[in-house]
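Summary of structural features
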Amino acid sequence: MMLFGLSIHILPLLMTAFTLINVFYSSKELGARVQGSLIALLFLVLLYSMPSALVLYWTCNMAFALFKEIFKHKKHSSLSNHSQDCVSLEAVITTKVTPAPKSTQNSQSNTAITRMCESADRVGVECQVSNVSNLNQDTRIADSTTDSKITQTPNQNLYKLIQYIIISLSFMICVSSPYALYVTDLNAFALETIPPTLAALFGFFILTSFMLIYIISFVNHNSRIFIFILWLIAWIFLALMLLGVSYGFVLRGDYGIMSHFFFEKSIGIDSKHEIIDGIMIASCFVVALLLLIFKVTKYIIQACKIFLAIVIVNATFSLAMAVNYTAERDKAQNLVTDKATKKTQILDFAKEHNNILVLILDRSDGYVVHDLFKENENLKTSFKGFIDFTNALSTSGLTLPTLTSIIAGKYYTALNINARNINDGLANEIARGYASTLNTFENAGYAVSSTLDFPTDEVHLYPLLKNTNTNVFDTTDLQNIYVEKYLGGVKTDEMPVRQLISYGLFRSATYVIRKGIYRRGVWLFSKQGVVSMSSLRGVAELNVLAKETTIEATKPTFKFIHNSITHNPYGLDSACMINPREIASPQDNVYGVSEGHYNSEKCAWQWVAQILERLQELGVYDNTEIFITADHGAQSKFLPAQTNFHIPLFYKPLHSKGEMRQDSRIITNYDIPALFCKNLKEGCPNINSITLDSIPHKRRLQLMIMGGGWNLESQNKNSFKVSKLYIFDGSDIYDEKAWQVQEAELK
């Protein structure tokens, strides 16, 4: 059955319903109900995608078990009613009839009394037989009642408290925190992996909590030694609960923006963090001890219930977001008119026609790149005919407010979007920018292909595109080529369950323990050497372009490639091998960039050089116009404004030859569309075409720092948040006098 675009399996849900009803119908004890419910949910996760025959067996088994319990209960109720009737009748009969005084007796009355007594005796015998036949069952009921009373000992409250703590902590670590992180960047994951990832996290919660509760049930006895052990366990778990809540919601730490399970900042531990950890651990254990000593267990249980309700609501909200996103994205993918179309058309260049190649290296830094070219003179030899603009700037320091303007021009910078007062949301406006350029080249007869990523997505872009077949967000085909040919078939981690569980532990752990859970982009439960899909994508795309490019296109081509090799998560070592545990370089600290950025930057530009060499070998280099730039830089150390606005921008006009030369004129990445749109007779919508000669030496630009977070959800619905405005007015981006902060009322 389909619901909200998702495939719903009825039998597993029916099986779970029968099991839960059976558990609550046949047992009144909390512990048994909790364990039974966890088992029911565990079987739901395990059997949800199993063959129908197996699930049908368990469904019928649970249904028959439920009907059996109902029948036994009804039978017992009828026998109990019959016994009560007998008891009532015996009570009446024992009184019989009080004999009348001798003076008033007569033979008629004596005869009546005798008959009544005989009748009563016969009934009494029947009742006695009935009661004897039910003696064992009544005895069992009495024993059960006695056992129930016996279990209501002081240690029962401790066991109940431990159960709630285990369930609450497990849910926060395995479900609530991972769900909240996962839904912030669902675009990074294949659509078909989203439901099983969410289900696996929930299954891990059920398995973990069930096993812990089951193990602790062995010490739930009334002997003194077991009561003491149970008390110690309750103390430890209560202290862990206090620590988890404190670190998960208050002492979260500042690790910068997380993208693809990679923190922007490294996890550093100093004496300050160690002191905080020591104080918190001691405090939580002391508080837990006092709470247990003063016997306020029932209030702690109530607090656990409230906390559990909060994290369940939070997880439910995240789940709803994931379900809605999955349904919308599935609907968008249905707009792909010909799914059999070659998804690697991005590799095909035309030899008899002109080609336009726009390559965006996300977060590539202008300052670092120019130093790389100084260190490696061989790079320059591959960039024949290129112009290196040394004073290139981006309009902001994040992808969201900048990238749309690289494909759609100045009209789509964040500040210009804000000035237009749109009313249908930023996501729609960004999609219109992408679609405008891609459709224009499509209509002009170009073979248009692109590899796309944030800030747009299939949901908003595909309904606007004329061609949804070769403008792709999923580059699995390119990645498969790379994995099969150059990695020997190394498998990738498509479902990030281990990273998500590790993240849940990370958020609930102390500062010192966090450093052990997360090391340089590798999480606690990640396997050694496994390549993640997120870090593999950027590497695969550039490598395949460098080695598998063809000349099969039969008409002019326009290619727009958004590549994230220079953005975290980083996965390359100094030898440009995928090795997430050896990504750090001393140069990271020199340039003030994230750990792993320098190696990725160095390798990326080496592979870009190989792409250019490949085009030269194929004979399509001369008739290809090439733009290589970034959406924003990586470091804020050297620019006078202390921002990451400096970007690399390399441009090779059609038929340009000779050695690469440097140009110090002021240019921005939103000028690129004004250059490539001049290839069209009618240009592109909302873009004023320019020539190379019209780029000025001195320029006044308005740049911004975006407020809020990095994603759309953290912005206003119809506008970007602005935390600071900069004015650049000069001819050298490293001239301190050319920069000033604009005083304005910001939103």
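The text that follows walks through the structure, step by step, so that each part is easy to find.

A short note on the packing of aromatic side chains
For the structure shown, the criterion picks out 39 aromatic pairs. An aromatic cluster is defined as three or more aromatic residues linked by ring pairs; in this entry it consists of F441, Y446, F558, F627, Y651 and F676. Geometry around F349 places K559 over its ring, the cationic atom sitting 5.0 Å from the centre. The cationic tip of K652 hangs over the ring face of Y621; the distance from NZ or CZ to the ring centre is 4.9 Å.

Some points on the side chain of Q635
Of note, Q635 is situated in the loop between β16 (624–629) and β17 (649–652). Here K637 takes part through its backbone nitrogen, which lies 2.7 Å from a polar atom of the side chain of Q635. There is a polar contact of 3.2 Å between the side chain of Q635 and the backbone nitrogen of F638. Q635 has contacts with D365, Y367, Y591, G592, V593, T643 and N644, leaving out every residue within four places of it along the chain.

Digging into the state of the cysteines
For the structure on display, the rule yields two disulfides. Covalently, C576 is tied to C603 through a disulfide, its sulfur atoms 2.1 Å apart. Between C576 and C603, the S-S torsion sits near -95°, and that sign places the bridge as left-handed. Here C576, found in the loop between β15 (557–563) and α21 (586–591), pairs with C603, found in helix α22 (residues 597–618); they are 27 residues apart in sequence, far enough to count as distant. An identical accessibility class is assigned to C576 and C603; each is buried. A sulfur-sulfur distance of 2.0 Å marks the disulfide that ties C677 to C684. Note on the C677 and C684 pair: the S-S dihedral is about -95°, so by sign convention the disulfide is left-handed. Since its relative accessible area comes to 0%, C677 is described here as buried. For C684, a relative accessible area of 6% gives the class buried. For the chain, the bonded cysteines pair up as 1-2, 3-4 when numbered in the order they occur along the sequence.

Things to note about the sheet that holds strand β21 (residues 739–741)
Within the open sheet, the three strands sit side by side as β19-β20-β21. Their pairing is antiparallel. Each edge of the open sheet is held by one strand with a lone partner, namely β19 (699–706) and β21. Strand-to-strand twist in this sheet, taken as the mean axis angle between neighbours without regard to direction, amounts to 25°. In this sheet, strand β20 (residues 722–730) lies alongside β19 in antiparallel orientation, the contact comprising eight bridges. Counterpart to I705 in the pairing with β20 is K724.

What to know about the packing of helix α7 (residues 194–216) against helix α18 (residues 497–508)
Contact geometry of α7 with α18 gives a least axis separation of 10 Å together with a crossing angle of 50°. As judged from the angle between their axes, α7 and α18 are oblique. As α7 runs across α18, the sense of the crossing is right-handed. Seen from α7, the contacting residues are T197, A200, L201 and F204; seen from α18, they are V497, L500 and I501. Taken together, the residues of the contact of α7 with α18 break down into six nonpolar, one polar and no charged.

Observations regarding the pairing of β17
What you see with β17 is no split at all: L649 and Y651 on one side and F650 and K652 on the other are buried throughout. In this structure, strand β7 (residues 387–393) lies alongside β17, joined through two bridges in antiparallel fashion. By the bridge assignment for β17, I387 is matched with Y651. Pairing of β16 with β17 involves four bridges; the strand directions are antiparallel. When the sheet's bridge partners are listed, T629 is paired in β17 with L649.

A look at the pattern of salt bridges
This model, assessed by the stated rule, comprises eleven salt bridges. The residue E429 makes a salt bridge to R420 at a minimum N-O spacing of 2.6 Å. For E429, a relative accessible area of 5% gives the class buried. The class of R420 is partly exposed, set by a relative accessible area of 23%. When the shortest N-O distance is used, the salt bridge between E625 and K678 registers 3.2 Å. Separated by 53 residues along the polypeptide, E625 in strand β16 and K678 in the loop between α23 (672–676) and β19 bring together distant segments of the chain.

Some points on the environment of T440
Within the secondary structure, T440 sits in helix α15 (residues 426–443). C-alpha separation for the pair T440 and P685, spaced 245 residues apart in sequence, amounts to 7.9 Å.

Some details on α15
Between its terminal C-alpha atoms α15 stretches 25 Å, which fits the 26 Å expected from 18 residues at 1.5 Å a residue. With 15 of 18 residues buried, α15 is to be regarded as a mostly interior element. With its phi angle positive at about 95°, G445 sits one or two positions after the end of α15.

Focus: helix α9 (residues 271–293)
For α9, built from 23 residues, the straight-helix expectation of 33 Å at 1.5 Å per residue is met to within 8% by its first-to-last C-alpha distance of 33 Å. The set of residues buried in α9 consists of D277, M280, C284, A288 and L292. Capping of α9 at its N-terminal end is provided by D270; its side-chain oxygen lies 3.1 Å from the backbone amide nitrogen of K272.

What counts and how
Residues numbered from 1 in each chain as written. Predicted model: local features only at pLDDT ≥ 70, side-chain atom pairs only at ≥ 80, totals over all residues. Heavy atoms only, no water. Phe/Tyr/Trp six-rings, centres within 6.5 Å; stacked < 30°, edge-to-face > 60°. Lys NZ or Arg CZ within 6 Å of the ring centre and 35° of its normal. Helix = DSSP H or I, 4+ residues; strand = E, 2+ residues; numbered from the N terminus. Polar contact = N/O pair within 3.5 Å; in protein donor to acceptor, adjacent residues only side chain to side chain. Contact = heavy atoms within 4.5 Å. Disulfide = S-S within 2.5 Å. Buried < 20%, exposed > 50% of the residue type's maximum accessible area, 1.4 Å probe, protein only. Pairing = 2+ DSSP bridges. Axes fitted to C-alpha atoms, helices over the stretch in contact; angles between N-to-C directions. Parallel < 35°, antiparallel > 145°, perpendicular 65-115°, else oblique. Left-handed = near helix turned anticlockwise from the far one by under 90°. Nonpolar A, V, L, I, M, F, W, Y, C, P; charged D, E, K, R; others polar. Salt bridge = Lys/Arg side-chain N within 4 Å of Asp/Glu carboxyl O. Expected span 1.5 Å × (residues − 1).

Any link to function would need more than the numbers given here.
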